[in-house]
Every structure is written in structure tokens, then in C-alpha cells.
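# A structural walkthrough
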Amino acid sequence: MRLGIVMDAVESINIKKDSTYAMMLEAQARGWEIAYLEQADLFLRDGRALGHSRRIVLHRDHTPWYQCDAKQIRPLDEFDVILMRKDPPFNMEYIYSTYLLELAESHGVLVVNKPQSLRDANEKLFTAWFPQCTPPTLVTRNAVDLRAFLREQEDIVLKPLDQMGGASVFRLRCDDPNVSVVIETLTALGSRMTMAQRYIPEIREGDKRILMINGEPVPYALARIPLEGESRGNLAAGARPEGRALSGRDRWICEQVGPVLSAKGILFAGLDVIGNYLTEINVTSPTCIRELDAIYGLNISAQLLDAVSHHARCG
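Rules used in this analysis
Residues numbered from 1 in each chain as written. Predicted model: local features only at pLDDT ≥ 70, side-chain atom pairs only at ≥ 80, totals over all residues. Heavy atoms only, no water. Helix = DSSP H or I, 4+ residues; strand = E, 2+ residues; numbered from the N terminus. Rg over C-alpha atoms; globule rule 2.2 N^0.38 Å. Buried < 20%, exposed > 50% of the residue type's maximum accessible area, 1.4 Å probe, protein only. Contact = heavy atoms within 4.5 Å. Areas by Shrake-Rupley, 256 points an atom, 1.4 Å probe, with all protein chains shown as cover. Lys, Arg positive; Asp, Glu negative; His and termini not counted. Charge placed at Lys NZ, Arg CZ, Asp CG, Glu CD. Salt bridge = Lys/Arg side-chain N within 4 Å of Asp/Glu carboxyl O. Polar contact = N/O pair within 3.5 Å; in protein donor to acceptor, adjacent residues only side chain to side chain. Pairing = 2+ DSSP bridges. Axes fitted to C-alpha atoms, helices over the stretch in contact; angles between N-to-C directions. Phe/Tyr/Trp six-rings, centres within 6.5 Å; stacked < 30°, edge-to-face > 60°. Lys NZ or Arg CZ within 6 Å of the ring centre and 35° of its normal. Core = buried A, V, L, I, M, F, W, Y, C linked by side-chain atoms within 4.5 Å. Arc of directions from axis to C-beta.

With that settled, consider the overall build of the protein chain. Assigned secondary structure in the protein chain consists of eight helices and 18 strands. Taken over C-alpha atoms, the radius of gyration comes to 20 Å for the protein chain, in line with the 20 Å a tight globule of 315 residues would show. Its C-alpha atoms put the protein chain at 55 × 45 × 40 Å along the principal axes. In the protein chain, which comprises 315 residues, the proportion classed as buried is 50%. Sequence-distant contacts, at least 24 apart, represent 67% of the contacts inside the protein chain between residues at least 6 apart. If you sum the accessible surface of the protein chain, you get close to 14,300 Å²; carbon and sulfur atoms cover 48% of it. Placing the 36 positive and 41 negative side-chain charges of the protein chain at their respective mean positions leaves the two points 1 Å apart.

This is the structure:
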């Protein structure tokens, strides 16, 4: 396989935690040719999507852990598979990149995840397609509606629609003196949509990340336990990871979401579940492979690349 990976700067990743690194290791073990691109390397010329790509070789347990060749211009449709692993923010530059990847896809390249679905399945808003799984939720830019929702629920979480890692996530209660400024900040004074969800006390037991491969769950979740005094269950916010077997409710949520992921060509996703509720569906660059592999002796990347290989062959 000729594999292209669009990702953040390779020198910036933490190989002990990075899921893209795990995927690259597995691809290299299979003898796949791996090329690395950043979002800024993608471009369009005369109706063809191209990129300034670099062949990359990994050196496990060595420093430096990778070696890159010089950049060369390469049509994206020369790859068999492209993994889109660029982290949010999900902004217009990200959307433009999906258009270029979709052009490559139209020439026979398997892009994971499907570019149109990356645009369609906003990681926060996509949960609205599964209201039977979610806590009470409001998405609006209207401060009056947000205040009414806060009075109704008494304890809520507000978050932007385009960020990751717990960035700009706030917990608000009715007596919080910062209600106005938080709403003003997140909605940019009423010009930007934000999401409000009822606060789920079970966050103390962890925000579970369930990895989905071709619509089926890995049988274990990574529960991210917030720091003392913290309400965000994100590893980037200092949460402590613990492995958990999937509960019956977890599996039911996966049964609701899985078929839709498969239908949309989302081969790899991460469901965030707090208590009994689905809170997010991560489709851009889901993480936690390394942690779950280490805890349970899994090789999640092998499962994923098996699915990728099957889809690349079958079209």
C-alpha cells in the first residue's frame, strides 16, 4: 500500500500517546510506503490535488524516532490510502483541505475518514442525530436561550463547536458570577453558535472514549478521570487514564451510532460517553490507541488497517 498521512507537524507529536504514530508503526510493519504531509502541503493545480510529501521511516526506541526524505510534489491520487489525521480546530482551512482530499477520492483514493463526512459530522453537532443517547442539549448563539436552559437544568457545560482537548469548555451554575461573560465569550457576543449540555455528575468516574472501527466498538474504553477540582475529562487537561470494559449501555450507544458511521464512510471514530450519555462523536483525529493497547495488550491499529485494506481493495 502507498499510504499518505495528513497530520500535524511530526516533530510536535508525543510518540508515547499519539495514535497516528501507532498507525504509522503498524503500516511500516506491513511494508507499506508511508508519506507524511501537513495541511499546508496540500494544493490544487489545474483540477488535480497535489501535495508536498515526504517519505517517512520510523525508528522505534531510537532518537530521533523518524527520518524524512526531502519534500517532493506528488499527486494525491498516486496514493492508495490517505489518512486525514489533522487535529482541530475545524476551521475553513480544514474544510478547504477536505475539498482537495475529496478530489483525490474521486480518482480512486481511499480517504479515511471520508472527506464529505468530515465536513458533515461536526464532532459536537453530530450527536443531535442520536437524541436517544444524549443529555439535554441546546445549540444556539442566543444568550436569552442559554440563560433559560441554565435555569432549567441548573448545572450545565458550555463548549465551542470547533475545538478539541477540552479547550474553552466551561461549567456554569445558576449562581455563577461569570455567566454573562462566559456566554458572551463563547458566542462572540451572539455571533457564533455554542453548545450547552446538562452537566453529568458521573464525569467524576471518567469521560469514556470508545473507539469505533468500521462501525464496531473496541471492547474496552479509556475512562479519563478529571483532576481534583476539574470538570473536564480530557487527557490534554490532565485527566488520568483508566481502562474499562464496555458496559451494556455503552454497547447500546455503539449499536445506535455504528451503522450511521459505516454508512458515512467513517472508518475510525471515537465516541465520548459520560455516565449513560453520548456527548461527542470524534471523527477528525480520534486518540487513545496507545493507552488502550498498553493496558489490554491490543493492537488497535492492526484492526483499523485491516479495515482500511479491505475498503481499499473493495472500493
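Moving on to the pattern of salt bridges. When the charged atoms of two side chains lie near each other, side chains of opposite charge can form a pair. This model, assessed by the stated rule, comprises 22 salt bridges. Linking Asp41 and Lys71 is a salt bridge whose minimum nitrogen-to-oxygen distance equals 2.8 Å. A residue pair is termed long-range when its members are at least 10 positions apart, and Asp41 in the loop between strand S2 (33-37) and strand S3 (42-45) and Lys71 in the loop between strand S5 (66-68) and strand S6 (72-75) qualify at 30 residues. For the salt bridge of Glu242 with Arg244, the shortest nitrogen-to-oxygen distance reads 3.1 Å. Using a relative accessible area of 27% as the deciding quantity, one classes Arg244 as partly exposed. Each of the salt bridges in this network shares a partner with another, and the network as a whole consists of Glu38, Asp41, Arg54 and Lys71.

This paragraph deals with the side chain of Lys208. Mapping Lys208 onto the fold places it in strand S13 (residues 207-213). One polar contact links Lys208 to Asp250, side chain to side chain, over a distance of 2.9 Å. In this view, Lys208 contacts Ala221, Leu222, Ala223, Arg224, Ser247, Asp250, Leu271, Asp272, Val273 and Gly275; residues no more than four positions away in its chain are not counted.

As a further point, take the sheet that holds strand S11 (residues 170-173). Spatially, the four strands line up as an open sheet ordered S9-S12-S10-S11, and their pairing is antiparallel. The open sheet has two edge strands with one neighbour each: strand S9 (137-140) and S11. Within this sheet the neighbouring strands show an average axis-to-axis angle of 25°, counted without direction. One ladder, built from four bridges, connects S9 with strand S12 (residues 194-198); its direction is antiparallel. Among the inter-strand pairings, Leu138 is bridged to a residue of S12, identified as Ala196.

On to the environment of Met1. Position of Met1 among the secondary structure elements: in the segment before strand S1 (2-6). Distance in space between the C-alpha atoms of Met1 and Arg209 is 29 Å, their sequence separation being 208 residues. Ignoring any residue separated from it by four or fewer positions in sequence, one finds Met1 in contact with Trp32, Glu33, Asp80, Val81, Ser309 and Ala312.

The next thing to look at is the packing of aromatic side chains. The final tally for this structure, using the stated rule, is six aromatic pairs. Aromatic pair Phe90 and Tyr94: ring centres 5.0 Å apart, planes at 45°, arrangement tilted. For Tyr94, a relative accessible area of 0% translates into the label buried. Following the ring pairs from residue to residue traces out a cluster consisting of Tyr21, Trp65 and Tyr66. Its end group placed over the ring of Tyr199, Arg171 keeps NZ or CZ at 3.6 Å from the ring centre.

By size, the foremost hydrophobic cluster in this structure holds 37 residues, and its most contacted members are Leu76, Leu271, Leu278 and Ile281. When residues of this core are traced back to their parent elements, those giving at least two are S2, strand S7 (81-84), helix H2 (92-106), S13, helix H6 (248-263), strand S17 (268-274) and strand S18 (277-282). When residues in this core are grouped by element, the largest group, five residues, is from H2. Ignoring sequence-local partners within four residues, the contact set of Leu271 consists of Lys208, Arg209, Ile210, Met212, Ile253, Cys254, Val257, Leu278, Glu280 and Ile281.

Within helix H4 (residues 143-153), burial applies to Leu146, Phe149, Leu150 and Gln153. Seen along its axis, H4 keeps its buried residues to an arc of 100°; they face one direction. In H4, the exposed positions angled more than 90 degrees off the buried face are occupied by Val144, Arg151 and Glu152. Elements in contact with the buried residues of H4: S9, strand S10 (155-160), S11, helix H5 (179-186) and S12. The opening residue of H4 is Asn142, an N-cap whose side-chain oxygen sits 2.8 Å from the backbone nitrogen of Val144. Just downstream of H4 lies Glu154, where phi reads positive at about 75°.

Let us look at the side chain of Lys86. With respect to the element layout, Lys86 can be found in the loop between S7 and H2. Residue Lys86 is classed as buried on the basis of its relative accessible area of 14%. At a separation of 3.2 Å, a polar atom in the side chain of Lys86 contacts the side chain of Asp8. What Lys86 contacts, discounting residues up to four positions off in sequence, is Val6, Met7, Asp8, Gln39, Tyr94, Thr284 and Ser285.

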